[in-house]
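Residue-level structure breakdown
In case you want the letters, here they are:
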Amino acid sequence: MKRIIEEIFTKENERYNLRGLGFFKTPEHEAALCLKEFPFDPLESLSSYRERILDKYYRLRGFSLFCREHIRDEMFEKGIFIIMKRELVQRIKGSKRTDTDKYLAPENDSVSFLLTEKQFQEIYALNFGCIRATFNTPEELRQYCDSLLNTYFPLEEKSVISEFINNTTPFWEKFYIKIRPICSAICFRMSGAGFQNFADDFWSDTCVVINRFITSESRPSNLNARSIISYAVGILKNKNRELGRLRRKANIDIDNLKYKLTDEDEELFFNNPATLSSNFKSHDFHFSTNIDIQDQYAVRGYFVVILYNEEHPLHNELTEGLQDKIANLFLHYIDGISYEEIVHRNKGDITEKEMAKEAARLRQEIKRVKETLLKRYYKLMEKYR
């Protein structure tokens, strides 16, 4: 019975951060105290016992007095910060995504419900400094925190923009995560399958440039969330165009860019559900829920979806151990680079005889990797049909 009561207090702690507030030491200690003061009736259900004794327990332990006496303690203050952040996480899950978040926050995350330590300090000073409310239970304290959050969140777009202008790190960090997959998509569509070689550099450069621009005095006065993401996309596109110009000057065959991102495509990209990693759930995946497995065209097409999208739950199973060989396959079939040019990239300057030998070996390697991938794919179809 003591272990069961310990579980009750473990859940109370998880919900209200009671140890973080400094209210009790361990669930085990509180369970022992509770059983001593409020004996369990064997004829009583556990839920009934919990409902009967919790309010009495918090009054016995003096929760209300504890809050009043510790309102200025650093430990208590940090505990309230954690409670508020947990409440905001639930709001992100249960609220409609704001327009600001659509442009500035990663999927399943938010800048509209982002509570920084500085903002919390202001909220706490205004609302806890001379508080007269009585909190008889942790639930009453949580409800008070929840009511405060209703006053401040979600943040208005202009407030979020101010945080970006003031170079508030947590807001920028979320935006950097937001544009990472966008960077990969733009680089791939404009520069082909070899994009990964420079996508990381383009992303980090874009993060630096956009940050300097938004935090500088030269930023536009009518800045908004949509314009920030548009500036970032413009930087990425310009970097890809410049790469194309450099390639053409170097007379390299791979300058024929097969993927273009037009202004019309831009809006479609941001609103296209097929590009969102959240649509590739890692649990309970079945081919039949995504394609018509009787349609051979759909079956062949979905092979490409798995192969290209690293977020897909089957991508690792399909490509495990073959990544380097797949990169060569992409170079040859997507970018149209000859076997000899791929060998030259990997081996440098070698003799004509060695080049012929290596090119023949590469040709066979790419042929085998195609066969291996297709065999794996059809096995995956049987496994996750």
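Small disclaimer: the values here were computed from a predicted structure and weren't measured.

**Focus on helix 4 (residues 46-60)**
- For helix 4, built from 15 residues, the straight-helix expectation of 21 Å at 1.5 Å per residue is met to within 8% by its first-to-last C-alpha distance of 20 Å.
- By the largest-angle criterion, I53 marks the main kink of helix 4, which is about 35°.
- What helix 4 keeps buried is the set Y49, I53, L54, Y57 and Y58.
- The inward-facing, buried residues of helix 4 contact helix 1 (2-16), helix 2 (18-21), helix 3 (27-37), helix 5 (63-70) and helix 9 (138-152).
- Count one or two residues on from helix 4 and you reach G62, which has phi positive near 70°.

**Concerning the nonpolar core**
- Ranked by size, the top nonpolar core spans 69 residues in total, and within it I80, M84, F128, L141 and F175 carry the most contacts.
- Sequence-distant contacts of L141, that is, excluding residues within four places in its chain, are made with L21, F63, C67, F76, I80, F128 and F135.

**Observations concerning the packing of helix 8 (residues 117-128) against helix 9**
- Between helix 8 and helix 9, whose axes approach to 12 Å, the crossing angle comes to 120°. Our classification of the angle between helix 8 and helix 9 gives oblique. Handedness of the helix 8/helix 9 crossing: right-handed. From helix 8, I123, L126, N127 and F128 reach across to helix 9, where they touch L141, Y144, C145, L148 and Y152.

**Side note on the confidence of the model for the protein chain**
- Overall, the prediction assigns the protein chain a mean pLDDT of 81, with 83% of residues at 70 or greater.
- Element-level pLDDT for the protein chain is lowest in helix 14 (residues 263-270), with a mean of 41, against a maximum mean of 96 in helix 10 (residues 157-165).
- Overall, residues 250-277 carries pLDDT values under 50, and its contacts beyond four positions in sequence, including any with other chains, amount to 47 contacts.

**What about the packing of helix 3 against helix 4?**
- Contact pair helix 3 / helix 4: the axes reach a minimum separation of 11 Å and the direction vectors enclose 105°. Considered as vectors, helix 3 and helix 4 are oriented roughly perpendicular to each other. Between helix 3, through E30, L33, C34, L35 and E37, and helix 4, the contact on the second element is made entirely by Y49, I53, Y57 and L60.
- A class-by-class count of the residues in the contact of helix 3 with helix 4 yields seven nonpolar, no polar and two charged.

Rules used in this analysis
Residues numbered from 1 in each chain as written. Predicted model: local features only at pLDDT ≥ 70, side-chain atom pairs only at ≥ 80, totals over all residues. Heavy atoms only, no water. Helix = DSSP H or I, 4+ residues; strand = E, 2+ residues; numbered from the N terminus. Expected span 1.5 Å × (residues − 1). Bend = angle between axes of the 7 residues up to and from the residue. Buried < 20%, exposed > 50% of the residue type's maximum accessible area, 1.4 Å probe, protein only. Contact = heavy atoms within 4.5 Å. Core = buried A, V, L, I, M, F, W, Y, C linked by side-chain atoms within 4.5 Å. Axes fitted to C-alpha atoms, helices over the stretch in contact; angles between N-to-C directions. Parallel < 35°, antiparallel > 145°, perpendicular 65-115°, else oblique. Left-handed = near helix turned anticlockwise from the far one by under 90°. pLDDT = per-residue confidence, 0-100. Nonpolar A, V, L, I, M, F, W, Y, C, P; charged D, E, K, R; others polar.

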